[in-house]
Amino acid sequence: MAFLSNMTIQINRSNAGSETATTDTLESQGLKWISLVILLGIILFNLLVVVLLILRNSKSRMRFFVTNLAIADLCVGVFFVLPETLFNWFDVPWNPFVCYIYYVYFSMVPFYVSTYAIVVLSLDRAYVVVKPLATASKGKLYRYGLTLSAWVIGCVLVIPYGVFGTYSEEVVTCWHDAPRLVFLYSDLTTIIILPIVIITVCYIVIIFTIRGRERHGLLRGETNDKGK
């Protein structure tokens, strides 16, 4: 009886182990294809937005800055989600060039660029409201200068990720090897706190400028009401 009992326990354990392995395999397969769908969605939809914005005849600064933001979001899919999907989920072998150049450094650049593209857009909106006549004379140098500043800031702030990148030939994998708290506080400051502060200040300036003009009757609607 004891022998039969032990045999039953072993059979149950083996069945449970095989069921767990099957469940893990199904979950990994599901996550693999979900990540592929997310990758295709990010690339296709952002590419569509970029194409539509470029094909429009409008030459406004707003369209220009929104196009820059869409390009940065497209780069998130190309430089971050694409290698994550191919190398980690579809078991494509890493190599030093892809690890150190393509993934470790450039995979993080679009996150910073897309964040500071929004900051640049907010700064432009505040400048337009505060000095509308001055902005009318600004040309391509103004637009390209602001846009390029977002990319330069992104490339500079991501340098620590490139420095702490690691490629292992033994397990053929690539990752960022750095103190987690250092990156946590760094990202928290540069991607969240600082951009939020700048954007908030810009819109506070916009609100107070508009309210000040309303009080002095400098807005078109206010002037028309007084004329009546």
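Summary of the structure given here.

Reading the values: the criteria
- Residues numbered from 1 in each chain as written.
- Predicted model: local features only at pLDDT ≥ 70, side-chain atom pairs only at ≥ 80, totals over all residues.
- Heavy atoms only, no water.
- Helix = DSSP H or I, 4+ residues; strand = E, 2+ residues; numbered from the N terminus.
- Buried < 20%, exposed > 50% of the residue type's maximum accessible area, 1.4 Å probe, protein only.
- Contact = heavy atoms within 4.5 Å.
- Areas by Shrake-Rupley, 256 points an atom, 1.4 Å probe, with all protein chains shown as cover.
- Pairing = 2+ DSSP bridges.
- Phe/Tyr/Trp six-rings, centres within 6.5 Å; stacked < 30°, edge-to-face > 60°.
- Axes fitted to C-alpha atoms, helices over the stretch in contact; angles between N-to-C directions.
- Left-handed = near helix turned anticlockwise from the far one by under 90°.
- Nonpolar A, V, L, I, M, F, W, Y, C, P; charged D, E, K, R; others polar.
- Core = buried A, V, L, I, M, F, W, Y, C linked by side-chain atoms within 4.5 Å.
- Salt bridge = Lys/Arg side-chain N within 4 Å of Asp/Glu carboxyl O.
- Disulfide = S-S within 2.5 Å.
- Expected span 1.5 Å × (residues − 1).
- Bend = angle between axes of the 7 residues up to and from the residue.

Attention now goes to the overall build of the protein chain. Looking only at helices and strands, the protein chain features nine helices and two strands. Counted from the first residue to the last, the protein chain has its helices and strands arranged as α-α-α-α-α-α-α-β-β-α-α. Taken across its 228 residues, the protein chain has 31% of its residues classed as buried. Partitioning the contacts of the protein chain with sequence separation of at least 6, the portion at a separation of at least 24 is 74%. Surface summary for the protein chain: the accessible area is close to 14,700 Å², and the carbon and sulfur share equals 70%.

What follows concerns the pairing of strand β1 (residues 165-168). Across four bridges, β1 lies against strand β2 (residues 173-176) in antiparallel orientation. When the sheet's bridge partners are listed, Y167 is paired in β2 with C174. Linking two consecutive strands that pair antiparallel, namely β1 and β2, is a turn of four residues; a positive phi of about 50 degrees is found at V172 within it.

Here we come to the packing of aromatic side chains. For the structure shown, the criterion picks out 11 aromatic pairs. Between the aromatic rings of Y100 and Y167, the centroid separation amounts to 6.5 Å while the plane-to-plane angle is 70 degrees, which identifies the pairing as edge-to-face. Pair noted here: Y100 is in helix α3 (residues 96-103) and Y167 is in strand β1, with a separation of 67 residues, a long-range link. A residue is classified by how much of its surface remains accessible, and Y100, at 36% relative accessible area, is partly exposed. Pairing F164 with F183 gives two aromatic rings, centres 6.0 Å apart and planes at 85 degrees, and the pair type is edge-to-face.

Orientation of helix α4 (residues 109-130) relative to helix α6 (residues 140-157), taken along the N-to-C sense of each, is 145 degrees, at an axis distance of 8 Å. Crossing of α4 over α6 shows right-handed handedness. Contacts between α4 and α6 involve V109, Y112, V113, Y116, A117, V120, D124 and Y127 from the first element and Y142, L146, T147, S149, A150, W151, I153, G154, C155 and L157 from the second. Split into classes, the residues belonging to the contact of α4 with α6 amount to 14 nonpolar, three polar and one charged.

Next up on the list: the nonpolar core. F65, V158 and Y161 are the most contacted members of the largest nonpolar core, which has 19 residues in total. When residues of this core are assigned to their parent elements, the largest contribution, seven residues, is made by α4. Ignoring any residue separated from it by four or fewer positions in sequence, one finds F65 in contact with V120, L121, D124, R143, L146 and T147.

For the rest of this paragraph, the subject is the pattern of salt bridges. Within the structure shown, the criterion is met by one salt bridge. A salt bridge links R125 to D124, with the shortest nitrogen-to-oxygen separation between them at 2.6 Å. For R125, a relative accessible area of 23% translates into the label partly exposed. On the basis of relative accessible area, D124 is assigned to the buried category, the value being 0%.

Tallied over the full model, the rule gives one disulfide. In this model, C99 is linked to C174 through a disulfide, with the two sulfur atoms separated by 2.0 Å. Measuring the twist about the S-S bond at about 80 degrees, one finds the C99-C174 disulfide to be right-handed. In this pair, C99 is assigned in helix α3 and C174 in strand β2, connecting sequence segments 75 residues apart. Classification of C99 as buried rests on a relative accessible area of 0%. Residue class for C174 comes out buried when judged on its relative accessible area of 6%.

With that settled, the discussion passes to helix α2 (residues 61-89). Taking 1.5 Å per residue, 29 residues should reach 42 Å; α2 reaches 40 Å between its end C-alpha atoms and fits that length. At V81, α2 shows its largest kink, close to 35 degrees, and the proline P83 lies no more than four residues downstream. Remark: D91 follows α2 within two positions and exhibits a positive phi of approximately 55 degrees.

Moving on: the side chain of T85. Along the chain, the position of T85 falls in helix α2. By relative accessible area, which is 1% here, T85 ends up buried. When residues no more than four places from it in sequence are discounted, the contact partners of T85 are S35, L36, L39 and F90.

Geometry only, nothing functional implied.
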